[in-house]
Amino acid sequence: MNSSKFYTVIILCTLVTWIPRIFPFIFAKFIKFPEWLLRFLRYLPLAMMTALFAENFFVVHPNQLPGINLLALLASIPAVVLGWLTRSLVLVVVIGVVSMGLLRFFF
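So, here is what we can say about the structure in this document.

Definitions and limits used
- Residues numbered from 1 in each chain as written.
- Predicted model: local features only at pLDDT ≥ 70, side-chain atom pairs only at ≥ 80, totals over all residues.
- Heavy atoms only, no water.
- Salt bridge = Lys/Arg side-chain N within 4 Å of Asp/Glu carboxyl O.
- Buried < 20%, exposed > 50% of the residue type's maximum accessible area, 1.4 Å probe, protein only.
- Helix = DSSP H or I, 4+ residues; strand = E, 2+ residues; numbered from the N terminus.
- Expected span 1.5 Å × (residues − 1).
- Arc of directions from axis to C-beta.
- Core = buried A, V, L, I, M, F, W, Y, C linked by side-chain atoms within 4.5 Å.
- Contact = heavy atoms within 4.5 Å.
- Patch = residues over 30% accessible without salt bridge, like charges linked within 9 Å, V, L, I, M, F, W, Y side chains within 5 Å.
- Areas by Shrake-Rupley, 256 points an atom, 1.4 Å probe, with all protein chains shown as cover.
- Phe/Tyr/Trp six-rings, centres within 6.5 Å; stacked < 30°, edge-to-face > 60°.
- Axes fitted to C-alpha atoms, helices over the stretch in contact; angles between N-to-C directions.
- Parallel < 35°, antiparallel > 145°, perpendicular 65-115°, else oblique.
- Left-handed = near helix turned anticlockwise from the far one by under 90°.
- Nonpolar A, V, L, I, M, F, W, Y, C, P; charged D, E, K, R; others polar.

**Some thoughts on the pattern of salt bridges**
Part 1: Throughout the structure, instances matching the rule amount to one salt bridge.
Part 2: A salt bridge links Glu-35 to Arg-42; the shortest N-O distance between them is 3.5 Å.
Part 3: A relative accessible area of 43% places Glu-35 in the partly exposed class.

See the structure below:
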């Protein structure tokens, strides 16, 4: 495969992945949701972070008690603070990913 086809495939794969994940956030700004749905959606970042915590915080080794993944714990601190202050799901995810990337780069 030559390099132009390779880069074309990478760009198209990026778009195919990006469009269904980002466009709903963009279009949601223009839709008027009922109040009950807005109350429900306010808890979405907390529920998603809790699910991610349960999956990534604990490390299980055979024949040992579960341990705590220290990098995941440290990377979650800025994400939790930002989630508490802003309740923005996109910002929480971005800050969490950036925090984990920086921690893995330096440690």
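**Overview of helix H5 (residues 89-106)**
Part 1: With 18 residues, H5 extends 26 Å between its outermost C-alpha atoms, agreeing within 8% with the 26 Å of an ideal straight helix rising 1.5 Å per residue.
Part 2: Along H5, the positions that sit buried rather than exposed are Leu-89, Val-92, Gly-96, Ser-99, Met-100 and Leu-103. The buried residues of H5 occupy an angular sector of 100° when projected down its axis, which confines them to one face. Turned more than 90 degrees from where H5 packs its buried face, Val-97, Phe-105 and Phe-106 sit exposed.

**Things to note about the nonpolar core**
Among soluble globular proteins, nonpolar side chains are generally buried collectively.
Part 1: Formed by Phe-57, Ala-72, Ala-75, Met-100 and Leu-103, the largest nonpolar core amounts to five residues.
Part 2: Broken down by secondary-structure element, the contributors of at least two residues to this core are helix H4 (70-86) and H5.
Part 3: In contact with Ala-75, other than residues within four places in its own chain, are Gly-96, Ser-99, Met-100 and Leu-103.

**Side note on a nonpolar patch on the surface**
Part 1: On the surface, a cluster of nonpolar side chains totalling about 1,200 Å² of accessible area is made up of Phe-6, Tyr-7, Ile-10, Ile-11, Leu-12, Leu-15, Trp-18, Ile-19, Phe-23, Ile-26, Phe-27 and Phe-30.
Part 2: Mapped onto the elements of the fold, Tyr-7 is located in helix H1 (residues 3-28).

**Structural notes on the packing of aromatic side chains**
Part 1: By the definition in use, this model includes four aromatic pairs.
Part 2: With centroids separated by 5.4 Å and ring planes inclined at 70°, the aromatic side chains of Phe-6 and Tyr-7 adopt a geometry described as edge-to-face.
Part 3: Judged by relative accessible area, which is 42%, Phe-6 ranks as partly exposed.
Part 4: Measuring from centroid to centroid gives 5.5 Å for Trp-18 and Phe-23, while their planes differ by 70°, and the two rings are edge-to-face.
Part 5: Here Phe-23 falls in the partly exposed class, since its relative accessible area comes to 31%.
Part 6: An aromatic cluster of three or more residues is present, and its members are Trp-18, Phe-23 and Phe-27.

**Considerations on the packing of H4 against H5**
Part 1: Orientation of H4 relative to H5, taken along the N-to-C sense of each, is 150°, at an axis distance of 8 Å. Between H4 and H5, the crossing angle belongs to the class labelled roughly antiparallel. Two packed elements cross with a definite hand, and for H4 against H5 that hand is right-handed. Here H4 contributes Leu-71, Ala-72, Leu-74, Ala-75, Pro-78, Ala-79, Leu-82 and Gly-83 to the contact with H5, which in turn contributes Leu-91, Val-92, Ile-95, Gly-96, Ser-99, Met-100, Leu-103 and Arg-104.
Part 2: Residues that form the contact of H4 with H5 fall into these classes: 12 nonpolar, three polar and one charged.

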